[in-house]
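One-letter residues, chain by chain:
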Amino acid sequence: MDKPVVAVLFGGRSSEHSISSATAAGVLEAIDRDRYRVIPVGVTRTGAFVLEADDPAKFRLDPQHMPEVVDNGTRVLWPEAAGDRRMRVRTAEGVLEDLGAVDVVLPILHGSHGEDGTIQGFFDTLELPYAGGGVLDSALCMDKHFMKVALQAAGVPVSPGITIRRPDWDGTAASVLAAMGDTPLPWFVKPSRAGSSVGVSKVHTVDELDDALRIAFAEDDKVLVERGVVGREVEVGVLEGRSGAPARASLPGEIVLTTREFYDFEGKYLGGDGVEVVCPAVLTDAETEAVQQMALRAFAAVDGRGLARVDFFLTEDGPVVNELNTMPGFTPISMFPKCWIASGMTYPALISELIETALARG
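If you check an unreviewed UniProt entry, the protein chain appears there as D-alanine--D-alanine ligase from Microbacterium caowuchunii. What UniProt states about the protein chain under its Function (unreviewed entry) heading is, verbatim, "Cell wall formation." What UniProt states about the protein chain under its Sequence similarities (unreviewed entry) heading is, verbatim, "Belongs to the D-alanine--D-alanine ligase family."

Set out below in structure tokens:
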């Protein structure tokens, strides 16, 4: 029997291009080659689909090397009509070559044009199975404002705050200060549609607000200003159930900040000091049950598919959801895989689970 063909899609047009490429390094290295045939498809920063080298080492992330999909002159051609699974590539020399039929796409893209429902809609139009979130949950969770609206409607507690749109921002902090009123500092200022803590600032005094808003508006036309919630930073992985089975939640992990202000880009990906990732988190059975059940409620509230990482503040009054990520960091050292490894699943098995769930969904 032929192996299912998996198109691993990575890179992309967003500011998280390098993180997606680093995720590809882990996936390409760990995916079960006895079980699947792999076609690595890179997306350049300008949106070209190129046939990439099947070389995990090329995309490993370290402080001296931010991996990137470079335009090599090839162009991957997706199926021409719904139901047609055939993929082709036009080489740099202009020769058209057949890559064969693809069974499923594994889109390990982060941020806009990948994690926001756009690529998912493209694959739905082609009737091409793909792993991970669908159009609705991807779009909802990419936009933190509407994610919070959906969660609040389902009775899931979220971080309190306001949303500021560019037309309502006069370039100063005055309108934001008026809207926040007597909300105690610190505040977090973040783009509504960005990830990996890109564009996020922690504001300790009102004098810092102008700069924080400028940084956030450089990433998006919509910005959230949220009250800093006091609590432990806990994260839970969720996987969609297969063939009608319910979704399931992993053991929680915890982000422990020692000297770092918050879990920023450097702390997440570049080995910055001042942060520890503890998995499984040291919680009581009741606390573990509370965050797992809240994670499943949040996943259901956004019509979750495939997978999600649900991030919490565990407060004295219980868990508060900070956000959901429908394609969370997926390198071997990222929290989502760590949570499932702590729950008894290997990294290669986790990749296979995403693929098999997509194949079962059809």
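What to know about the sheet that holds strand β10 (residues 201-203)
Reading across from one edge, β8-β11-β9-β10 is the order of the four strands in this open sheet, with antiparallel pairing throughout. Each having just a single partner strand, β8 (161-165) and β10 make up the two edges of the open sheet. For this sheet, the mean angle separating the axes of adjacent strands, direction not counted, is 20°. Pairing of strand β9 (residues 187-191) with strand β11 (residues 222-227), which is carried by five bridges, proceeds in the antiparallel orientation.

Examining empty space enclosed by the protein
Left-over empty space is what a probe sized like a water molecule reveals as it rolls over the atoms. For the structure on display, the rule yields one cavity of 30 Å³ or more. Considering only enclosed or pocket space, the largest cavity measures out at about 50 Å³ in volume. Every residue lining the largest cavity is listed: Pro107, Gly114, Glu115, Gln120, Ala131, Gly132, Gly133, Ser138, Thr326 and Met327. For the lining of the largest cavity, a count of residues per class yields three nonpolar, six polar and one charged.

Side note on the side chain of Thr331
Among the secondary structure elements, Thr331 is positioned in the loop between β17 (318-325) and α9 (335-342). Among the residues examined, Thr331 registers a relative accessible area of 10% and is labelled buried. The contacts of Thr331, once residues within four sequence positions are left out, are Ala22, Thr23, Pro337 and Tyr347.

A short note on helix α4 (residues 144-153)
Among all positions of α4, only Lys144, His145, Met147, Lys148, Ala150 and Leu151 are buried. At its buried positions, α4 is contacted by α3 (135-142), β8, β9, β11, α8 (285-301) and β17. Just downstream of α4 lies Gly155, where phi reads positive at about 80°.

Quick look at the pattern of salt bridges
Under the counting rule described, the total for this entry stands at 20 salt bridges. Note that Lys58 and Glu52 form a salt bridge whose closest N and O atoms lie 2.9 Å from each other. Overall, the relative accessible area of 36% leaves Lys58 in the partly exposed class. The shortest N-O distance in the salt bridge between Asp211 and Arg214 comes to 2.4 Å. Here Asp211 pairs with Arg214, and both are found in helix α6 (residues 209-217), just three residues apart, close to one helical turn. Look at Asp211 and you get partly exposed, because its relative accessible area is 44%. For Arg214, a relative accessible area of 42% gives the class partly exposed. Connected through shared salt-bridge partners, Asp143, Arg193, Asp220 and Lys222 make up one network.

Regarding a nonpolar patch on the surface
Taken together, the side chains of Leu177, Leu185 and Val206 make up a nonpolar region of the molecular surface, amounting to roughly 200 Å² of accessible area. Structurally, Val206 can be placed in the loop between β10 and α6.

Thresholds, definitions, all that
- Residues numbered from 1 in each chain as written.
- Predicted model: local features only at pLDDT ≥ 70, side-chain atom pairs only at ≥ 80, totals over all residues.
- Heavy atoms only, no water.
- UniProt positions renumbered as here; feature names shortened; annotations may be inferred.
- Pairing = 2+ DSSP bridges.
- Helix = DSSP H or I, 4+ residues; strand = E, 2+ residues; numbered from the N terminus.
- Axes fitted to C-alpha atoms, helices over the stretch in contact; angles between N-to-C directions.
- 1 Å grid on protein atoms, 1.4 Å probe; cavity = no way out; pocket = protein on both sides within 12 Å on 5 of 7 lines; lining within 4 Å.
- Points joined across faces, edges and corners; volume = space filled by probe spheres on them.
- Nonpolar A, V, L, I, M, F, W, Y, C, P; charged D, E, K, R; others polar.
- Buried < 20%, exposed > 50% of the residue type's maximum accessible area, 1.4 Å probe, protein only.
- Contact = heavy atoms within 4.5 Å.
- Salt bridge = Lys/Arg side-chain N within 4 Å of Asp/Glu carboxyl O.
- Patch = residues over 30% accessible without salt bridge, like charges linked within 9 Å, V, L, I, M, F, W, Y side chains within 5 Å.
- Areas by Shrake-Rupley, 256 points an atom, 1.4 Å probe, with all protein chains shown as cover.

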